[in-house]
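Here are the chains, one letter per residue:
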Amino acid sequence: MHIEPRISLVFNGECDAAFTLYEQCLGGTVTFRLTWGDSPMADQAPPDWRDKIMHATLALGDTSLSGGDVLPDQYERPQGFQLQLNLDDADAADRIFAQLADGGDVSFPLQQTFWAKRFGAVVDRFGIPWAINCGD
C-alpha cells in the first residue's frame, strides 16, 4: 500500500491572496488555480463567491500544498496543527518568518533555542499556523 499525505488548507475567501504570499515567501510556484465560478459546482456558490478559489496547488520542491476557499457557511478557523518549515539557512528563516508574521499573530518570537538556531511560531494573517525551525 502506498500512502502519500498531502496538506490542504482551507480559507474564508482569501486563498488567492494567501497562495500569492506563500508563492513569493516560500519560493514555490502556484501550478493550478480553479475558481468556484469556473468549476462544475459554480451553481452551488453564492454569486459573490464566483471569483474565490475552489482549489489551488502550490508546488514547493518535491512536495505541494493544496488549498481553497470553502463556502462561507462551512468555514472554521484552523486549529490543532502547525505547518512546520524546516530550514538550514538562518537568513531565510528570518525572512520567511517576518513575511508570515506581517499582519499575523506571533505566538513564539523567532529566536535561538536549545534545539535550533532559530525557532518561532506564528499564525499568519489568513489564519494558518506556522512553525519555523532552523537547525543549522
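The structure contained in this document is the topic of the report that follows. Numbers given for residues are sequential positions, taken from 1 along each chain in its written order. Two thresholds apply to this predicted model, a pLDDT of at least 70 for residue-level local features and 80 or more for giving and counting side-chain atom pairs, whereas whole-chain, interface and lining totals are computed over all residues. Side-chain calculation: all heavy atoms of the structure are included, whereas hydrogens and water are not.

**Considering the pattern of salt bridges**
Counted as salt bridges are all cases of a side-chain nitrogen of Lys or Arg within 4 Å of a carboxyl oxygen of Asp or Glu. For the coordinates displayed, the defined rule picks out three salt bridges. R33 is paired through a salt bridge with D16; the nearest N and O atoms lie 2.6 Å apart. Within this pair, whereas R33 is found in strand β2 (residues 29-35), its partner D16 is found in helix α1 (residues 15-26), the two being separated by 17 residues in sequence. Relative accessible area decides the class of each residue, using a 1.4 Å probe on protein chains only: under 20% of the type maximum gives buried, over 50% gives exposed, and in between gives partly exposed. Residue class for D16 comes out partly exposed when judged on its relative accessible area of 35%. R118 serves as the salt-bridge partner of D94, at 2.6 Å between the closest nitrogen and oxygen. With D94 in helix α2 (residues 90-101) and R118 in strand β7 (residues 118-123), the pair connects residues that are 24 residues apart, well separated along the chain. In DSSP terms, a helix is any run of H or I states spanning at least four residues, a strand is any run of E spanning at least two, and both are numbered starting from the N terminus.

**Let's talk about the sheet that holds β7**
Backbone hydrogen bonds hold the strands of a sheet together, and the pairing may be parallel or antiparallel. At least two bridges found by DSSP between two strands are what make those strands a pair. With mixed pairing, four strands are arranged side by side in an open sheet as β5-β8-β7-β6. Either end of the sheet is taken by a strand with one partner, and the two such strands are β5 (83-87) and β6 (105-111). Averaged over all pairs of adjacent strands, the angle between their axes in this sheet comes to 15°, without regard to strand direction. Pairing between β5 and strand β8 (residues 129-134): five bridges, direction parallel. Paired with L85 across the strands is I132, a residue of β8. Only C-alpha atoms enter the line fits that serve as axes; for helices the fit covers just the stretch in contact. Angles between N-to-C directions range over 0 to 180 degrees.

**A closer look at the pairing of β7**
Of the strand pairs in this sheet, β6 and β7 are connected by four bridges, and their pairing is antiparallel. Looking across to β7, one finds that Q111 is bridged to F119. Linking β6 to β7, which pair antiparallel, is a turn of six residues. For β7 and β8, the ladder comprises six bridges, and the chain directions are antiparallel. For R118, the partnering residue across the bridge sits in β8 and is C134. Here β7 hands over to β8 after five residues, with G127 in that stretch at a positive phi of 90°.

**Things to note about the side chain of D124**
Tracing the backbone shows D124 in the loop between β7 and β8. When charges are counted, Lys and Arg are positive and Asp and Glu negative, with His and the chain ends excluded. The side chain of D124 is buried and forms no salt bridge, while R77, the nearest opposite charge, is found at 6.8 Å. Separated by 2.9 Å, the side chains of D124 and W130 make a polar contact. In contact with D124, not counting residues within four places along its chain, are Y22, L100, G104 and W130. What qualifies as a polar contact is a pair of N or O atoms within 3.5 Å, subject to a donor-acceptor requirement within protein and to the restriction that residues adjacent in sequence count only when both atoms come from side chains. The contact criterion used throughout is that any non-hydrogen atoms of two residues lie within 4.5 Å.

Geometric descriptors of this kind do not, in isolation, establish any biological role.
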